[in-house]
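A structural walkthrough
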Amino acid sequence: MTVTRFAPSPTGYLHVGNLRTALFNFLIARKQGGEFILRLDDTDPERSTTEYADAIKVDLEWLGLTWDRVETQSSRLDRYAAAADELRAKGRFYEAFETPTELDLKRKKQLNMGNPPVYDRAALALSDAEKDALRAERGSGVWRFKLDHERIVWTDGILGDISIDAASVSDPVLIRADGQVLYTIASVVDDTEMGVTHVVRGSDHVTNTATQIQIIEALGGAVPNFAHHSLLTGPQGEALSKRLGTLALRDLRERGVEPMALLSHMARLGSSDPVELRGSVDELIEGFDLSKFGAAPTKFDEQDLFPLTAHHLQQQPVSAMAADLDALGVPSDLQDSFWTVAKDNITTRAGLEQWWALCRDGAEPEIDAEDADFVAEAMALLPDMPFDADSWSSWTSAVKEQTGRKGRGLFMPLRKALTGMSHGPDMSQLMPLLQKVRAKA
Ligand code: GLU
């Protein structure tokens, strides 16, 4: 069975970059009738909070990315300790005592000599007595995984054939000096024990994948299918990393972006298929194909989400909007006609408020000086309220007959007098909704 997981660290809010990872893993699992696990990578007790963990769930629920179960790494520490013991027993794990300053110095020297800054494995040469002395002086060391110096190869679901020389990578630290288990081993243990078959994540994890493949093999696990999606950039190709904080899913929600608009965009952006608005998550699942995605950085412009949001709203039946219309106080007998008029004139749901305020309270009229007499004359001919579907045409015909005005010179001043705006819905549809005309007073 296909098993995927989305594994955020609950150390911040989800942003559009995280969403890409979540969505791809979700779609792969659902497309193949598999399982989608939400795994909270909370091995860092200082930075992980339940507030962030809850916020992650709220964001995924908002988008309809439902998970089959939740796993938390903090409750599996004994599993990681067992794996660490196994690596020790197999001679693949060693303690190293360099201080950060010493490591930094080593790196600088290597770079000065034109060599890659790879950990030199000095700790491997320490005798037991030397280790005891260092431990007495500095406390426990970090634990590093001893890579086999050979090429690590895999066929990536997006990047194709990858081959990385293990000798060009430092032996990864899997346990910190304070005993904290790091993501690199926790993730491997979880993926292996939970039977994860496909791992899709950002291309910033490619080197991790190389080392994790060796750790999985050392522990006798099955290597999942790996795929690394490209990182998002801004619209001009600029790095997005600094701005990701402002592209949190909760902020986009706050700004009125609709879930299906966001999902439709992210399920296609960076692929050879065009972005198309989909009506449901099921349609997204059907139309998803990981092999269509390319390795090039993917440009993301949040502004693209708003036309898709508007388009999504236009397709909604009034029944889907009942909660919003009720909250605005639109009487139930007017909801259908109000929605018909309003839906083509909003970008987000929040735009409804302005149109309902106009209908309920009337608008401050906008009357150009040269039209003042004309508008006053027209107002005297305004039919009695409540208006109906014929009110606009009968009124404008009467005004035309009396004043001789026609076309734009006739219609525009009347629209502006009634709505305070020079654009907006079809007036014959809007007029029956108007409860007040302030220009009349
Ligand atoms: N917690 C890791 C991250 O957010 C998970 C990476 C992975 O998918 O393995 O980067």
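Let us look at the structure shown here. (Residues numbered from 1 in each chain as written. Predicted model: local features only at pLDDT ≥ 70, side-chain atom pairs only at ≥ 80, totals over all residues. Heavy atoms only, no water.)

Right, let's get into the side chain of Asp-44. Turning to its location among the elements, Asp-44 is positioned in the loop between strand S2 (35-40) and helix H2 (50-63). Here the side chain of Asp-44 touches Glu-46 through a polar contact of 3.0 Å, landing on its backbone nitrogen. (Helix = DSSP H or I, 4+ residues; strand = E, 2+ residues; numbered from the N terminus. Polar contact = N/O pair within 3.5 Å; in protein donor to acceptor, adjacent residues only side chain to side chain.)

All residues adjacent to the ligand are Arg-5, Ala-7, Ser-9, Asp-41, Tyr-183, Ser-187, Arg-201 and His-205. For the ligand, a nitrogen atom lies 2.7 Å from a polar atom in the backbone of Ala-7. Contact between the ligand and Asp-41: a nitrogen atom at 2.7 Å from a side-chain N or O atom of the residue. Burial of the ligand by the protein chains amounts to 80% of its free accessible area of 290 Å². Comparing atom positions with the cavity grids shows the ligand to sit within the largest pocket. Looking at side-chain class alone, the shell around the ligand contains 2 nonpolar, 3 polar and 3 charged residues. (Near = heavy atom within 4 Å. Areas by Shrake-Rupley, 256 points an atom, 1.4 Å probe, with all protein chains shown as cover. 1 Å grid on protein atoms, 1.4 Å probe; cavity = no way out; pocket = protein on both sides within 12 Å on 5 of 7 lines; lining within 4 Å. Sits in = over half its atoms within 2 Å of the grid points. Nonpolar A, V, L, I, M, F, W, Y, C, P; charged D, E, K, R; others polar.)

Ordered in space as S4-S5-S8, the 3 strands form an open sheet in which the pairing is antiparallel. Each edge of the sheet is formed by a strand with only one pairing partner; in this case those strands are strand S4 (93-96) and strand S8 (173-175). Neighbour-to-neighbour, the strand axes of the sheet open up by a mean angle of 45°, direction not taken into account. Pairing of strand S5 (residues 142-145) with S8 involves 2 bridges; the strand directions are antiparallel. Of the residues in S8, the one forming a bridge with Arg-144 is Val-173. (Pairing = 2+ DSSP bridges. Axes fitted to C-alpha atoms, helices over the stretch in contact; angles between N-to-C directions.)

This brings us to helix H7 (residues 206-218). Along its 13 residues, H7 runs 19 Å from first to last C-alpha, staying within 8% of the 18 Å computed at 1.5 Å per residue. In terms of burial, H7 is a largely internal element, 10 of the 13 residues being buried. Trailing H7 by a residue or two, Gly-220 shows a phi angle of about 75°, which is positive. (Expected span 1.5 Å × (residues − 1). Buried < 20%, exposed > 50% of the residue type's maximum accessible area, 1.4 Å probe, protein only.)

On to the sheet that holds S2. Spatially, S1-S2-S3 is the arrangement adopted by the 3 strands of the open sheet, whose pairing is parallel. The two strands at the open ends of the sheet, each matched to only one other strand, are strand S1 (3-6) and strand S3 (69-72). With strand direction ignored, the average angle separating the axes of adjacent strands in the sheet is 30°. Against the sheet, H2 contacts S1, S2 and S3, and its axis sits at roughly 150° relative to S2. Along the sheet, helix H6 (residues 183-193) contacts S1 and S2; its crossing angle with S2, the most-contacted strand, is approximately 150°. (Contact = heavy atoms within 4.5 Å.)

With that settled, consider the layout of surface pockets. If you add up the space inside the largest pocket, you get close to 1,000 Å³. Looking at the largest pocket, it is lined by 39 residues, and the ones nearest its centre are Ser-9, His-15, Asn-18, Asp-204 and His-205. Put simply, the parts of the chain that give the lining of the largest pocket at least two residues each are S1, helix H1 (16-31) and strand S9 (198-202). Of the residues forming the lining of the largest pocket, the biggest block, 5 residues, is contributed by H1. Per-class residue counts for the lining of the largest pocket are 15 nonpolar, 16 polar and 8 charged. Here the second largest pocket defines a volume of roughly 220 Å³. In terms of lining residues, the second largest pocket is bounded by 14 residues, among which Phe-97, Glu-98, Thr-99, Pro-100 and Val-142 are the most central. Elements represented by at least two residues in the lining of the second largest pocket include exactly helix H4 (100-112) and S5. When the residues that make up the lining of the second largest pocket are grouped by side-chain class, the tally is 7 nonpolar, 4 polar and 3 charged. (Points joined across faces, edges and corners; volume = space filled by probe spheres on them.)

Ranked by size, the top nonpolar core spans 45 residues in total, and within it Val-16 and Leu-262 carry the most contacts. Elements represented by at least two residues in this core include exactly H1, S2, H2, helix H8 (249-254), helix H9 (259-266), helix H10 (281-286) and helix H11 (305-314). For this core, the element with the highest residue contribution is H1, accounting for 9 residues. Dropping the residues within four chain positions of it, Val-16 is found in contact with Leu-232, Leu-244, Leu-247, Leu-249, Leu-252, Leu-262, Met-266 and Phe-300. Within the second largest apolar cluster, 37 residues are counted, among which are Cys-359, Val-375, Phe-387 and Leu-418. (Core = buried A, V, L, I, M, F, W, Y, C linked by side-chain atoms within 4.5 Å.)

Orientation of helix H16 (residues 391-403) relative to helix H17 (residues 407-419), taken along the N-to-C sense of each, is 125°, at an axis distance of 11 Å. Judged by the angle between their axes, H16 and H17 are oblique. In this structure, the crossing between H16 and H17 has a hand that is right-handed. Between H16 and H17, the residues in contact are Trp-392, Trp-395, Thr-396, Val-399 and Lys-400 and Leu-410, Phe-411, Leu-414, Arg-415 and Leu-418, respectively. Of the residues assigned to the contact of H16 with H17, the class counts are 7 nonpolar, 1 polar and 2 charged. (Parallel < 35°, antiparallel > 145°, perpendicular 65-115°, else oblique. Left-handed = near helix turned anticlockwise from the far one by under 90°.)

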